[in-house]
Amino acid sequence: MNLSRLANLLVSAFEKNEIQPAHGIDINPVISELASWYEKLRNAMDYREEEVVRRAAIERILKRRLFFWGSGEKIAPPLIRELLWARYFPESIIEESEVAKVAKTINLYLKLREELHKKEKEIPTNIDELLYYLLSAKIETMLNKDKSMDLFSTFLFHILQDHIGILDDTPQNRDLQIFLAVRRSFAKDDIAFLKFRLFEQYFGELKEENLVSIVANFPKVYQDMEKQLQYPLKDRIASYVKKQIPSFLIMVEIFRKNKAEVRSLIANPQELKNAIYKTAEERYKTISTKVRNGIIRAVFFILLTKVIFAFSIEATYDNLVFGHIVWKSLAINIFTPPLIMVLVSLFIRTPDIKNTNRIYAKIQNILFTEKPLLDKPLVITLKPEKRNPVLDFAFKFFWLLAFALSFGIILFVLDKLQFNIVSKGIFVFFLAIVSFFTYRISQTANVYAVWEKEALTTPIIDFLFMPIVQVGRRFTEGLSQINIFLYVFDYLIETPFKELFGFLEQWFFFLRTKREELG
């Protein structure tokens, strides 16, 4: 069978994207080991998707290095060394010449920041935060030589153009929303990456030549960017995209493994089938590891914040009102939510051979059909659906009933356990967060699952637990903004630690030089 036009373009792009080893920057292995362990500890306190941890690390380093101002020439060398120490990039692929390119980029974005501050009354956002988003995303894309997710994101975008329609909006807006949904659901871009992608979609790459034009048009364009990010139908489009990605994720792994030989692999039907089934099985096995890591990170994150809340708020309240700490409610409050997360994770199951059969059929369709039919097309409208007023009232009533039942049952049980009002509030707060984390982890477990239909119990589970998950999402987003441990690490601990690492690396280099002098 012949490849479709889009699949042929994808294969050709992969053949050209072979990463060549370079004479990389030398990093001391001892320092690298220490720095990588530090980063694991730091990242456990900040619950992010794995795909954006590296960009977030770049943003963090930039903020620390630019705290007392500076230039690209001063910031770029230690920035890249810190990234290599922590093993965010293999040292074999980043050359010394790239330090100057990163320095130039930093200077350019600093100049953009300076110019935008002159128009800050016209731009309804924190300009510094926005520029950290844009600059960290830009540096990550510059240093990341593996373009496989970008290539597949473009491939998936072009396929989905035939599957998604918005009846009362322009094709341009529809395409932008498909693009954002693919980046969010498939490539796992965070808000910083999404803003950067939109920035380059509107303006192109930032250069000296277009800086003046970007500054002049930025206030209006930024409003358009925000409208796209807050698009009313974005969640429906993202949900549709999410259902299509399991087969593409398996394809990414196959293409990465075979790279230049991928065309010959596809040309052999039996080898391709074997590769699909083998890769799917390998990916299924990694799910348990990801779930376990997700649980460990979530429990660590929760326990840290939980102890602060429990002892600073609940224990203080107990002492003021009762004259002593109520240890029973305090212990239940601290340990029950993480225990619930661990117990729920035991029921998470990986996909089976039937799922792999469906993935194989979809990949065949994707590779060899000019207009592959992934699913029933999604046709939507910006106008609210005209619903029967009675039905609309009933839906809202049942949603409020779900909230009342879910939280009512929890509060009833806590009342029986003789929790005071503060203990109840803290328990509900963290139970909601745990529910959200558990939902995220279950999504990780199902990332390769091609579902044909929902289970019979899904509506019941959604009815009882979705209200708690929704509340947990809001709490988690708010908590991540005020996580005191992150501020302590980023501004009080990280700076001396990284300076110590730099000193030790220079010392080890000095010792090695002396050893080499001895012959």
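Residues numbered from 1 in each chain as written. Predicted model: local features only at pLDDT ≥ 70, side-chain atom pairs only at ≥ 80, totals over all residues. Heavy atoms only, no water.

A.B. asks: So what exactly am I meant to see when it comes to the overall build of the protein here?
C.D. replies: When helices and strands are tallied, the protein shows 19 helices and 2 strands. Evaluated residue by residue, the protein yields a buried proportion of 46% over its 519 residues. (Helix = DSSP H or I, 4+ residues; strand = E, 2+ residues; numbered from the N terminus. Buried < 20%, exposed > 50% of the residue type's maximum accessible area, 1.4 Å probe, protein only.)

A.B. asks: Explain the pattern of salt bridges here, please?
C.D. replies: Pairing between side chains becomes possible if they bear opposite charge and their charged atoms approach one another. Under the defined criterion, the tally for this structure stands at 25 salt bridges. Note that glutamate 59 is salt-bridged to arginine 55, the shortest N-O span being 2.8 Å. Of this pair, glutamate 59 and arginine 55 are both found in helix 3 (residues 53–65), 4 residues apart, which corresponds to roughly one turn of the helix. Of the two residues, glutamate 59 and arginine 55, both sit in the buried class. Here lysine 111 and glutamate 208 are joined by a salt bridge, their closest N and O atoms 3.6 Å apart. Here lysine 111 is found in helix 5 (residues 97–117), whereas its partner glutamate 208 is found in the loop between helix 9 (191–203) and helix 10 (211–229), with 97 residues between them in sequence. You can call glutamate 208 partly exposed: its relative accessible area is 45%. Among the charged side chains, a network of salt bridges with common partners joins Arg55, Glu59, Lys63 and Asp190. (Salt bridge = Lys/Arg side-chain N within 4 Å of Asp/Glu carboxyl O.)

A.B. asks: In this structure, what is going on with helix 15 (residues 353–368)? I would like to understand it.
C.D. replies: In an α-helix, one turn spans 3.6 residues; hence positions three or four apart end up facing the same way. Its 16 residues give helix 15 an end-to-end C-alpha distance of 23 Å, which sits within 8% of 22 Å, the value for a rise of 1.5 Å per residue. Of all the residues in helix 15, the buried ones are Asn355, Thr356, Ile359, Tyr360, Ile363, Gln364, Ile366, Leu367 and Phe368. (Expected span 1.5 Å × (residues − 1).)

A.B. asks: What exactly am I supposed to notice about the side chain of glutamine 244 here?
C.D. replies: Mapped onto the elements, glutamine 244 comes out in helix 11 (residues 234–258). The residues touching glutamine 244, leaving out its near neighbours within four places in the chain, are Leu160, Leu374 and Asp375. (Contact = heavy atoms within 4.5 Å.)

A.B. asks: In this structure, what is going on with the packing of helix 5 against helix 10? I would like to understand it.
C.D. replies: Between helix 5 and helix 10, the shortest axis-to-axis distance is 10 Å and the interhelical angle comes to 35°. For the element pair helix 5 and helix 10, the recorded crossing hand is right-handed. Only Leu211, Ile214, Val215 and Phe218 of helix 10 make contact with helix 5, whose side of the interface consists of Lys111, Leu112, Glu115 and Leu116. Of the residues assigned to the contact of helix 5 with helix 10, the class counts are 6 nonpolar, no polar and 2 charged. (Axes fitted to C-alpha atoms, helices over the stretch in contact; angles between N-to-C directions. Left-handed = near helix turned anticlockwise from the far one by under 90°. Nonpolar A, V, L, I, M, F, W, Y, C, P; charged D, E, K, R; others polar.)

A.B. asks: I keep staring at the side chain of aspartate 190 and nothing clicks. Help me out?
C.D. replies: Along the polypeptide, aspartate 190 turns up in the loop between helix 8 (171–185) and helix 9. On the basis of relative accessible area, aspartate 190 is assigned to the buried category, the value being 14%. Among the polar contacts listed, one links the side chain of aspartate 190 to the side chain of arginine 55, at a separation of 3.0 Å. Within polar-contact distance, the side chain of aspartate 190 engages the backbone nitrogen of phenylalanine 193 at 3.0 Å. Excluding anything up to four places from it in sequence, aspartate 190 contacts Arg48, Val52 and Arg55. (Polar contact = N/O pair within 3.5 Å; in protein donor to acceptor, adjacent residues only side chain to side chain.)

A.B. asks: Explain the packing of helix 8 against helix 9 here, please?
C.D. replies: Two packed helices can be described by the angle between their axes and the distance between those axes. At a minimum axis distance of 10 Å, the contact between helix 8 and helix 9 shows a crossing angle of 145°. Note on packing geometry: the crossing formed by helix 8 with helix 9 is right-handed. Listed contacts from helix 9 to Leu176, Phe179, Leu180, Arg183 and Arg184 of helix 8 are Leu194, Arg197, Leu198, Gln201 and Tyr202. Of the residues in the contact of helix 8 with helix 9, the class split is 6 nonpolar, 1 polar and 3 charged.

A.B. asks: Explanation requested: the packing of aromatic side chains in the structure shown.
C.D. replies: By convention here, two paired aromatic rings are described through the distance between centres and the angle between planes. Taken as a whole and assessed by the stated rule, the structure comprises 12 aromatic pairs. Ring centres of phenylalanine 152 and phenylalanine 155 lie 6.1 Å apart, and the angle between their planes is 85°; on these two criteria the pair is classed as edge-to-face. In this pair, phenylalanine 152 and phenylalanine 155 both sit in helix 7 (residues 148–160), 3 residues apart, roughly one turn of the helix. Here the two residues phenylalanine 152 and phenylalanine 155 agree in accessibility, since each one is buried. Taking 6.2 Å as the distance between ring centres and 85° as the angle between the ring planes, the aromatic pair formed by phenylalanine 419 and phenylalanine 427 counts as edge-to-face. On the basis of relative accessibility, which here comes to 5%, the residue phenylalanine 419 falls in the buried class. One aromatic cluster is present, formed by Phe14, Phe152, Phe155, Phe248 and Phe255 through successive ring pairs. Here the guanidinium or amino end of lysine 273 rests over the ring plane of tyrosine 360, the centre of that ring lying 5.5 Å away. (Phe/Tyr/Trp six-rings, centres within 6.5 Å; stacked < 30°, edge-to-face > 60°. Lys NZ or Arg CZ within 6 Å of the ring centre and 35° of its normal.)

A.B. asks: So what exactly am I meant to see when it comes to the environment of lysine 40 here?
C.D. replies: Assignment of secondary structure puts lysine 40 in helix 2 (residues 29–44). When its relative accessible area of 52% is taken as the criterion, lysine 40 is described as exposed.

A.B. asks: Quick question: what am I supposed to make of unusual backbone geometry here?
C.D. replies: Negative phi characterises most residues that are not glycine, and trans characterises most peptide bonds. Of note in this structure, arginine 87 is not a glycine but carries a positive phi near 65°. Relative to the elements of secondary structure, arginine 87 occurs in the loop between helix 4 (72–85) and helix 5. On the basis of relative accessible area, arginine 87 is assigned to the partly exposed category, the value being 46%. Backbone geometry places lysine 188, a non-glycine residue, at a positive phi of 60°. With respect to the secondary-structure elements, lysine 188 resides in the loop between helix 8 and helix 9.

A.B. asks: Could you clarify how one ought to interpret the environment of isoleucine 58 in this entry?
C.D. replies: Topologically, isoleucine 58 is positioned in helix 3. Each C-alpha atom, one on isoleucine 58 and one on leucine 135, is 8.8 Å from the other, the two residues being 77 residues apart in sequence. Apart from residues lying up to four places away in sequence, isoleucine 58 is in contact with Leu79, Leu83, Ser136, Ile139 and Glu140.

A.B. asks: Where do I start with helix 9 in this structure?
C.D. replies: Helix length check: helix 9 (13 residues) gives 18 Å between terminal C-alpha atoms against 18 Å at 1.5 Å per residue, within 8%. For helix 9, the full list of buried residues reads Ala192, Phe193, Leu194, Lys195, Phe196, Arg197, Leu198, Phe199 and Phe203. Contacts from the buried residues of helix 9 go to helix 3, helix 5, helix 6 (127–143), helix 7, helix 8 and helix 10. One or two positions beyond helix 9, positive phi appears at glycine 204, with a value near 80°.

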